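# Fold and contact review
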Amino acid sequence: MAEVIILDRDGVLNTIVVDPEHGTIDSPLHPTQVTLLPGVPEALLTLNHLGFALAIATNQPSAAKGKTTEKNLRDTHARVLELAQAAGARILSNQLCLHRSEDGCACRKPQPKMLLDALRDLGADPTHAWMVGDGVTDVEAGQRAGTRTAFLGPRKCDACKIFDGHSAAPTVWCADLPAFVRHLEASRPPRP
Ligand SMILES: [Mg+2]
Ligand SMILES: [Zn+2]
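Now for a look at the structure at hand. Keep in mind that this is a model prediction, so the values were computed, not measured.

### With respect to the coordination of the magnesium ion (ligand 1)
Protein-derived ligands of the magnesium ion (ligand 1) are D8 (OD), D10 (O) and D134 (OD), with the metal-ligand distances lying across 2.1 to 2.2 Å. For the magnesium ion (ligand 1), all donor residues lie on one chain, and their spacing in sequence is D-x1-D-x123-D. Residue D10 is found in the loop between β1 (3-7) and β2 (17-19), and its partner D134 is found in the loop between β6 (129-133) and α4 (136-145); the two are separated by 124 residues along the sequence. Accessibility expressed as a relative area gives 29% for D134, which makes it partly exposed.

Rendered as structure tokens:
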């Protein structure tokens, strides 16, 4: 059975966009705002070489909030995929929730639906999957779906307080995606 890694997108593959004028941080709202985090295309290719199928599950409520258009969001996602796959990696399933929290949809993380849909797409079982994200809701979604979970981020962050001594703790905690890939490489031999 295929082993799957389901990736959160913003803060895992691409950088969060800082608006210095308003002092806000947000997902990229237009393809020109997309910048990948260091080492991401190579890390994804290594995951493919280790035998993992890749998927993305991302909450993208900005069009529903009136901050951009749905077309811009789709074009932005296409740009992330173009850059992320530039080294030759392949991302096989893309799950986007376009709703806001107040819409009460079934798909928005921490709901597990997007993860389960990706696993169904790829013919995989949750016990053969990881959910990887930089948000507490990513870890919660993974736990609800029944996957292992990797939290990406510095140890000194708000998530520490949430995870500390709490059942929501991730399976592993790594600084970034390349560090998570090194963790996996160390724990399993590459396929011949
Ligand atoms: Mg994120
Ligand atoms: Zn949704």
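### Some remarks on the nonpolar core
The nonpolar side chains of a soluble globular protein tend to be buried with one another. Among the nonpolar cores identified, the biggest contains 30 residues, and I5, L44, L177 and F180 are the most heavily contacted of them. In terms of residue count, the dominant contributor to this core is helix α6 (residues 177-187) (five residues). With near-sequence residues (within four places) excluded, F180 lies in contact with I5, W130, V132, A150, L152, V172 and C174. Membership of the second largest hydrophobic core comes to 18 residues, among which are A57, C107, M114 and L119.

### What to know about the coordination of the zinc ion (ligand 2)
Looking at the metal site, the zinc ion (ligand 2) is ligated by C97 (SG), H99 (ND1), C105 (SG) and C107 (SG), spaced 2.0 to 2.3 Å from it. Angles of 99 to 119° at the metal separate the four donor atoms of the zinc ion (ligand 2), which places the site in the tetrahedral class. Considered as a linear motif, the donors of the zinc ion (ligand 2) on their single chain read C-x1-H-x5-C-x1-C.

### Concerning a nonpolar patch on the surface
Together, I16, V18 and I25 give the surface a local cluster of nonpolar side chains, amounting to about 290 Å² of exposed area. Its location among the elements puts V18 in strand β2.

About the thresholds
- Residues numbered from 1 in each chain as written.
- Chains lettered and ligands numbered in written order.
- Predicted model: local features only at pLDDT ≥ 70, side-chain atom pairs only at ≥ 80, totals over all residues.
- Heavy atoms only, no water.
- Donors = N, O, S within 2.8 Å, 3.2 Å for Na, K, Ca; no water.
- Helix = DSSP H or I, 4+ residues; strand = E, 2+ residues; numbered from the N terminus.
- Buried < 20%, exposed > 50% of the residue type's maximum accessible area, 1.4 Å probe, protein only.
- Core = buried A, V, L, I, M, F, W, Y, C linked by side-chain atoms within 4.5 Å.
- Contact = heavy atoms within 4.5 Å.
- Tetrahedral: all angles 85-135°; square planar, octahedral: opposite > 155°, others 65-115°.
- Patch = residues over 30% accessible without salt bridge, like charges linked within 9 Å, V, L, I, M, F, W, Y side chains within 5 Å.
- Areas by Shrake-Rupley, 256 points an atom, 1.4 Å probe, with all protein chains shown as cover.
- Salt bridge = Lys/Arg side-chain N within 4 Å of Asp/Glu carboxyl O.

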